[in-house]
Amino acid sequence: MTDADISFDDSTTNNNSSTNNNDRNIDDVLAAVAATSNHHVYIRSNEYGWIPARVLEMQDNGQKAKVSVPIYRNEAAIQSDGGKKAKSFETRVVDLREYPNQTLLLQNVNEEGHLKQVEDMVDLPFLHEAAILFNLKARHIQGKPYTRTGDIVIACNPYQWIHNLYSTSTRRHYANALVWNSASSALTKASLKNLEPHIYEVSAAAYRGLAIDGMNQSILVSGESGAGKTESVKICLHHIACVQEGTAGQEDISNEEDESTAFNSTTTPSKTTTPTPTTTTSAIVQRVLDSNPLLEAFGNAQTIRNDNSSRFGKFIQLQFDCEDPVDAVFAGHRLPSCVLAGSKCEVYLLEKSRVVQHEPEERTYHIFYQLLASDNEIKKEIWAKGLVDTDQESFSYVGYAELDTIEGLTDQQRFQKTLESLALVGVTGEKKLTLFRAICIVLQLGNLLVEPDPEDEDNRAIISSREELEDLADLMGVEASLLESSFLIRTMRARNEEFKVPLSAQQAQDSCDAFAKEIYASAFTWLVHRINEATSAEQNYHPLSKSNHGRSKRGPSGGGAAAATGAPQSFGLIGLLDIFGFESFGTNRFEQLCINYANEKLQQKFTQDIFRSVQSEYESEGIELGEIRYDDNTDVLDLVEGRVNGLLALLNEECVRPGGNDKAFVVKVVDHHTRQPKSCLFRGKRFGEYEFGVKHYAGEVVYNAEGFVNKNMDTLPTDLQECAKKSSNDILAQHMIVMGAEDENAADGGAVAAAAAAAATSSNEDKKSNAKRPPKKKPPTSRRQQQQQQEKAEQEAVKEKEKKGSTLVGQTVWTKFKGQLSSLMQNLGRTRTRYIRCIKPNTKKQPLVMEHLPTVEQLRCAGVVAAVTISRSAFPNRLEHGVVQERFKALWESKAHQKQAHELTLEQLGDDSNDDDGCEGSSNRSPDKYNKLMAERLLTAAMKDLETTATTTTKTKNPDDGSIVEETKTVVVRAFVMGHTRTYFRAGALEFLEAERLKRLGIWAANIQRIIRGFCAWSVYRRLRRTVIVLQSLQRQRLATRAYHCFRRAAICLECWRRCIVSKGRLITLRRNYRATRIQTKWRCLVVRTLYHTKRKSSIMVQAMIRGALQRPKYRKALHQAKEDAKLENQVLALQRKLEEAEARRVEAERMAEEKARKAVEAYNKEQEEKKEMEQQQREKEEKERKEKEERELEEQQQQKEEKEEAPKEEKEKATEDQDDEVASAAASGAARAAAAQPDTPSSSQQQLTLQQQALIDESGRMLDFLRKEVFRLRGQNAQLRRDMDLLKDNNQRLMDANASAGATFASLNHHAKQLTKANEKLSGEIVQLRQQYQNAVVVQTELREELKMKHATYVAEVHSRIQYQKALNVVVEKVERKCRDTRLVEEILMIADDCETGGGAENPNDDAATAATSSSSKTVASTNGTQPPSSSLMSSFRSLWS
């Protein structure tokens, strides 16, 4: 980056001052400031960017600082409040070497530590990045989205509509305060002092500059996606329309008490003081305002950051019919009126790639979703064949999107508004259909499926979606073959020969996508042209003679007004530029490079405008411009647009060079620029082969050059261009070619615009080089001279272009965009530019919440920090004279203030009024002059140590002998400069004053504390002396009392000792008796417990034996029952399999019967049609049969192609079905011939039909495939029917619904048949019988299922009971075997258990699966209940044994 130095005069000036002493003094000042404790500062944070803190002490000789950092609950709660709302504090050590000038950034707080908010951030005493951030945040939290920075308005998106901020009374209030009722001729800061910052002041200032200054205006709105750029442009448009209405209707504001109370200070003039627009312009104004939704519908899309993001840049030029100032004076008008006559719109860099692809969580342009969400009547009118009954998923370019509501309106509602806006601009009838059909062509192009030809070894491409291709050709109005060849074949021309080169599938698909993008871009540009035709003043503005009386034919100065075609009148312009902001993503492509290049150009103009505003401020304050330095972005622009080695030139070279590719482009860029010193291009060690980085003004951005060459060329093949010319759509046939030619002209015009921009830049550089000169030495160049210079540069550029001729480079995307951008910068250079910087406060879109890191990044990208740096480059801090005197009066020496005030008498002030620093009118200036002189003397005495000396050497030419004479002067450089109204401080000066002020206040506070502490100590001493005397007497009394109590305690102690000896003997006797008694008790308990445990063990053993004998038979029986259950489950599974097989056979039989009936109907209808055709013309019948045969062959070929891709089993099934098709086809043809041979014998035809039905019943399997081929167009209905039939297995209700659906399907088939005969009725009767049979089968199936369920439940219950019996029997038998001592008893119990198991088995014989399936549930239950459980026999056996 380069610094712009501004010298004092034309001679060469060398600064030979001792810079080391100056730097040392500044470092001492900063160290003194940082060393002062309790300073509120900002420190860096990796999580929040900047956070407030308080300095505690300095460490390591001023290299580090110990600070106290308040901890808040979240980021939204962080603010500069001195930590009063913090939940805790933590101590950190900050390395000052990481901060500029090794000092921390001071907060703008008051004595209590609260942030001092300002409306204009230029008024901040400490102006830096952190101060801007926290000032914006404080205002944003309070619902104040707008803040000034000089002439710039910063708009933070509030994510909510603040009604009172945009009410009608508010708009009129700003219009009256800044335009109609303003007392001064120029808009100054004083006129904005009583107004809250608002975007309305920018629009009002633009209108005022057009009306009063007679100069064209422009408003540049920038910011990232979602920051509110488009909404800000709308607000400006509405306010400009309100301003140009004048003061008419102001009386209505009196009724709005709640909104007008804040504006009571503004007086409302009468209606005769300000002109009002005529009623003929109301329609024009409404048309201008309502044309913006069209651009949103066709140019906006949903992105990750914003639901309604503009994917293009637009420059709206409002045209005004300006009244001549002389005529306005004669008419009694205070200000010349400017009536809104029309508008023009220019668009830049539409994101065409979004048409064919977008991220899954994003959407393409709104118009696609609006069109697909419209009613079928509208779709039928536009394209009935391919648009009716379609949705988002019907077109691959669109895809499914969850979002369907944007800003409270659905896509369908927004489409109605789009239609209304189209009608407003005159796009109705055939024009509207042409536009939407072009959109449909884009949609249909996405559905074309291009695949490699499997029969071609060269992998040529073919379009497999033939139906979509034919629909597209029909929509375009061209032949399908021509359209197909345009996509699949590329025509190459070499000299006088042409070659047809087939394309691969990928190349053909790319051609489809390119064609779609070009059609949409042409439709968008066509729409912009229609809007311009409907809103331009040249074609629509026709003022009445009365309203136009006295209006001059003048245009505003600056050459920006466009003359009306065929009319001498010219119009004033107010341009609103809504353009994309600086972008830096994870992967940056060609689009990001173009966008950032445009932002670099705008930043250059922004920097120059800010420099001019600072220059104007310093001149108004009477300060010499000798030390203003600022960084520009000339290096970056040279890197991008350099003629030889610039990125643009190298990329265009790769586009023209045969075999040019992205990798070669990156290699050339790196080779040419990385070796240069101070190059803005860099390349990291871990960069890929397609990656390179550029150091932009907003930060470093890494670009991925993959696809740069293709995107830069973006040329449509000549085959597609020729095909588009033959289209019946007017946009494709005419306007797409015309717009392509316009793009080329715009690219060719880039040289002209670049030359004009170079001329403007050279004039600006001349201004910079002469800025150090005294303002009165050389008059500035007039606007007329500048305009002549620019026109001359344009003519020279045109001549040079005619000499060189056009080249292929001029057709690239970047060259076209550069030409548009140069033209835009040329137009902006001729206007007075005003800036609105939109900020996106948070990524969650929550109101009243600001995230630090994204906001700081946007401030840097928007150039706000750069503007602050320029405005504070020479003097970072400034204060008014009165504030300086009041704040730093503590720095006066003892009684020095009274002495200086006495010396400044009124006579001295009167004498000084003749100096340059004085103002007109001594009576008015005396207080200001007094404050200025007192402040100057105060600061001179306070900052004596900061004064430095500079030695300047001036070379002048001796007029006598022509020799060069050097003159050396020593100049004292003070740390401040006195302006007319403010004091300007150099870097570190204000911090030094703050530190000295705190030190002096600390000395005064120490003296006050010394006196107060002495008085308090003397008072305490006298109170203590009186108290000591009382305490001494009380102490002597306490000592005597203590001796008495000591003797008394000794006597009592002796008496207690004697009593203890007597009591001890008694205690020993009592303990001996107590222990003997406890021993006796323990012995008796032991004897009784032993006897109890013996008896308890015997009882437990007996009980265990009995329980074992009881449970063992139960266990054995349960084990046997488990085996039986396993057998029953196997039988159940076998029954279920048989039932499923029967169900499958039933379903297959029913399906074959239905297909047989349907086939019969179709066959008979076909016979009737053939019969009728034979009677009319035998030749037509033969031709029809031949076509049907060809269609069948084509279908068979397609079927064979599908069979090749299926599994081997499916191939066998298809082969069998093909054989069945041939048999069925032969049968059908035989039936048709028989019907043709006997047309007069219907009984014979019916008999033959009956035989055919019988054959179809026998061969139902083969009839299925034949019917599928014959009713190909009803495939969807049949598929739905098959799915309904499958669902019949699950429940009866779904079965009935499927039958109803099948009936409806048969009814629709009968409806489409031409004639109904008796044969149809017979077939319908057969269908009814088959349905009845099917219902009977369903009933039988249901009964079988219920019976199976009952039997299964019975078996399960019996199995569970048997398992429990067997478990219990096994437990009893095991316990008897283990604990019973009688072996005979054990053997008898085991025999009984065996008998129980065998008896249970005998009583429950196994039945086979077939008998169990067919037996009724009642018999099964009865037989089960008749079986005696094993447990009963076991219990009876135990009873007999025990007895």
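Predicted model only: the values in this text are computed from it and were never measured.

A. Structural view of the overall build of the protein chain. The helix and strand tally for the protein chain stands at 45 helices and 29 strands. Looking at the 1443 residues of the protein chain, the share that counts as buried comes to 45%. Across the protein chain, contacts joining residues at least 24 apart in sequence account for 73% of those joining residues at least 6 apart. Approximately 76600 Å² of the protein chain is accessible, and the part contributed by carbon and sulfur atoms is 51%.

B. Examining the nonpolar core more closely. The biggest cluster of nonpolar side chains holds 121 residues, and the ones touching the most others in it are Leu-318, Phe-320, Phe-368, Leu-445, Phe-487, Phe-515 and Tyr-520. When residues of this core are assigned to their parent elements, the largest contribution, 16 residues, is made by helix H17 (residues 505-535). Once residues lying within four places of it in the same chain are set aside, the contact partners of Leu-445 are Tyr-397, Leu-472, Phe-487, Cys-512, Phe-515, Ala-516 and Ile-519. Of all hydrophobic cores here, the second largest spans 62 residues; its members include Tyr-72, Leu-104, Ala-138 and Leu-939.

C. Examining the pattern of salt bridges more closely. Using the criterion set out here, one finds 39 salt bridges in the structure. A salt bridge links Arg-148 to Glu-201, with the nearest nitrogen and oxygen atoms 2.8 Å apart. Of the two residues, Arg-148 is situated in strand E7 (residues 146-149) and Glu-201 in helix H4 (residues 200-213); the sequence distance between them amounts to 53 residues. Accessibility classification places Arg-148 together with Glu-201 in one group, the buried group. The partner of Asp-307 in a salt bridge is Lys-845, with the nearest N and O atoms 3.7 Å apart.

D. Structural context of a negative patch on the surface. A cluster of like negative charges, contributed by Glu-1191, Glu-1193, Glu-1195 and Glu-1196, occupies part of the molecular surface. Here Glu-1195 lies in helix H35 (residues 1178-1204).

E. Examining the packing of aromatic side chains more closely. Summed over all chains, the structure comprises 24 aromatic pairs. Judged by centre distance (6.1 Å) and plane angle (65°), the ring pair of Phe-487 and Phe-515 falls under edge-to-face. One end of the pair, Phe-487, is in helix H16 (residues 480-488); the other, Phe-515, is in helix H17, with 28 residues separating them in the sequence. Taking relative accessible area as the criterion, Phe-515 reaches 0% and is therefore assigned buried. Judged by centre distance (6.0 Å) and plane angle (85°), the rings of Phe-590 and Trp-814 are edge-to-face. Of this pair, Phe-590 sits in helix H19 (residues 590-621) while Trp-814 is found in helix H27 (residues 813-829), placing the two residues 224 residues apart along the sequence. According to the relative accessible area criterion, Phe-590 is buried, its value standing at 4%. A relative accessible area of 0% places Trp-814 in the buried class. One aromatic cluster in this structure is built from Phe-590, Tyr-597, Phe-665, Phe-692, Tyr-703, Phe-708 and Trp-814. It is Arg-363 that lies over the ring of Tyr-369; its NZ or CZ is 3.9 Å from the centre.

F. Molecular detail of the sheet that holds strand E24 (residues 832-839). Ordered by their spatial adjacency, seven strands build an open sheet running E7-E8-E24-E9-E20-E12-E13, and the pairing between neighbours is mixed. In the strand order of this sheet, the two ends are held by E7 and strand E13 (338-348), each with one partner. Strand-to-strand twist in this sheet, taken as the mean axis angle between neighbours without regard to direction, amounts to 20°.

G. View of helix H20 (residues 634-641). Listed in full, the buried residues belonging to H20 are Val-636, Leu-637, Leu-639 and Val-640. Down the axis, H20 shows its buried residues gathered within 155° of arc, on one side only. Of the surrounding secondary structure, the elements contacted by the buried residues of H20 are H19, helix H21 (647-656), helix H22 (662-673), strand E21 (681-682), strand E22 (691-696) and H27.

H. Representation of the confidence of the model for the protein chain. For the protein chain, per-residue confidence averages 75 on the pLDDT scale, and 72% of positions sit at 70 or higher. Confidence drops under a pLDDT of 50 for residues 746-785, and excluding neighbours within four residues, the segment shows 56 contacts in the predicted structure. The low-confidence segment residues 912-925, where pLDDT is below 50, has 12 contacts with residues more than four positions distant or belonging to other chains.

I. Up close: helix H2 (residues 129-141). Look at H2: 18 Å from first C-alpha to last across 13 residues, which is about the 18 Å you get at 1.5 Å a residue. Judged by how many residues are buried, H2 sits mostly within the fold: 12 of 13 residues are covered. Those residues of H2 that fall on the buried side of the exposure criterion are Glu-129, Ala-130, Ala-131, Ile-132, Leu-133, Phe-134, Asn-135, Leu-136, Lys-137, Ala-138, Arg-139 and His-140. Positive phi appears at Gly-143, one or two residues downstream of H2, with a value of about 75°.

J. Looking closely at the packing of H21 against H27. Orientation of H21 relative to H27, taken along the N-to-C sense of each, is 145°, at an axis distance of 9 Å. Along the contact surface, H21 presents Leu-647, Leu-648, Leu-651 and Asn-652, while H27 presents Trp-814, Thr-815 and Lys-818. Counted by class, the contact of H21 with H27 contains four nonpolar, two polar and one charged residues.

K. Expanded view of the pairing of E7. Residues Tyr-146 and Arg-148 line one face of E7 and the alternating positions Thr-147 and Thr-149 line the opposite face, and both faces are buried. Both E7 and strand E8 (residues 152-156) contribute to a ladder of four bridges, which runs antiparallel. When the bridges of E8 are listed, Tyr-146 appears paired with Ala-155. The loop that links E7 with its antiparallel partner E8 comprises two residues; one of these, Gly-150, has a positive phi angle of about 70°.

L. Geometry of the environment of Lys-234. Mapped onto the elements of the fold, Lys-234 is located in helix H5 (residues 229-243). Owing to a relative accessible area of 19%, Lys-234 belongs among the buried residues under this scheme. Remark: the alpha-carbon pair of Lys-234 and Asp-290, spanning 56 residues in sequence, is separated by 9.9 Å. Not counting chain neighbours up to four residues away, the residues in contact with Lys-234 comprise Asn-292 and Glu-296.

M. Region of interest: a nonpolar patch on the surface. Taken together, the side chains of Leu-998, Leu-1001, Ile-1003 and Trp-1004 make up a nonpolar region of the molecular surface, amounting to roughly 350 Å² of accessible area. Counting through the fold element by element, Leu-1001 comes out in helix H34 (residues 989-1176). On the accessibility criterion, Leu-1001 (33% relative accessible area) is partly exposed.

N. Examining the side chain of Ser-218 more closely. Inspection of the secondary structure puts Ser-218 in strand E9 (residues 217-222). Only 3.2 Å separates the side chain of Ser-218 from the side chain of Thr-833, close enough to count as a polar contact.

O. Region of the structure containing the environment of His-672. Within the element layout of this structure, His-672 appears in helix H22. Along the backbone, His-672 and Leu-650 are 22 residues apart, and their C-alpha atoms lie at a distance of 9.9 Å. When neighbours within four sequence positions are excluded, His-672 is seen to be in contact with Asn-645 and Leu-650. Among the polar contacts made by the side chain of His-672, one reaches the main-chain carbonyl oxygen of Lys-668 at a distance of 2.6 Å.

P. Spatial organisation of unusual backbone geometry. Its identity is not glycine, yet Asp-60 carries a phi of approximately 55°, on the positive side. Here Asp-60 is to be found in the loop between strand E3 (49-59) and strand E4 (64-71). Look at Asp-60 and you get partly exposed, because its relative accessible area is 47%. Here the phi dihedral of Tyr-159 falls at roughly 55°; this positive angle occurs in a residue that is not glycine. Within the secondary structure layout, Tyr-159 lies in the loop between E8 and helix H3 (168-180).

Q. Local environment of the packing of H3 against H4. Relative orientation of the contacting elements H3 and H4 amounts to 40°, with a least axis distance of 9 Å. Here H3 is positioned oblique relative to H4, judged by the angle of their axes. Crossing of H3 over H4 shows right-handed handedness. The residues of H4 that touch H3, namely those facing Thr-170, Arg-171, Tyr-174, Leu-178, Val-179 and Trp-180, are Tyr-200, Glu-201, Ala-204, Tyr-207 and Arg-208. Per-class residue counts for the contact of H3 with H4 are seven nonpolar, one polar and three charged.

Procedures and definitions
- Residues numbered from 1 in each chain as written.
- Predicted model: local features only at pLDDT ≥ 70, side-chain atom pairs only at ≥ 80, totals over all residues.
- Heavy atoms only, no water.
- Helix = DSSP H or I, 4+ residues; strand = E, 2+ residues; numbered from the N terminus.
- Buried < 20%, exposed > 50% of the residue type's maximum accessible area, 1.4 Å probe, protein only.
- Contact = heavy atoms within 4.5 Å.
- Areas by Shrake-Rupley, 256 points an atom, 1.4 Å probe, with all protein chains shown as cover.
- Core = buried A, V, L, I, M, F, W, Y, C linked by side-chain atoms within 4.5 Å.
- Salt bridge = Lys/Arg side-chain N within 4 Å of Asp/Glu carboxyl O.
- Patch = residues over 30% accessible without salt bridge, like charges linked within 9 Å, V, L, I, M, F, W, Y side chains within 5 Å.
- Lys, Arg positive; Asp, Glu negative; His and termini not counted.
- Charge placed at Lys NZ, Arg CZ, Asp CG, Glu CD.
- Phe/Tyr/Trp six-rings, centres within 6.5 Å; stacked < 30°, edge-to-face > 60°.
- Lys NZ or Arg CZ within 6 Å of the ring centre and 35° of its normal.
- Pairing = 2+ DSSP bridges.
- Axes fitted to C-alpha atoms, helices over the stretch in contact; angles between N-to-C directions.
- Arc of directions from axis to C-beta.
- pLDDT = per-residue confidence, 0-100.
- Expected span 1.5 Å × (residues − 1).
- Nonpolar A, V, L, I, M, F, W, Y, C, P; charged D, E, K, R; others polar.
- Polar contact = N/O pair within 3.5 Å; in protein donor to acceptor, adjacent residues only side chain to side chain.
- Parallel < 35°, antiparallel > 145°, perpendicular 65-115°, else oblique.
- Left-handed = near helix turned anticlockwise from the far one by under 90°.

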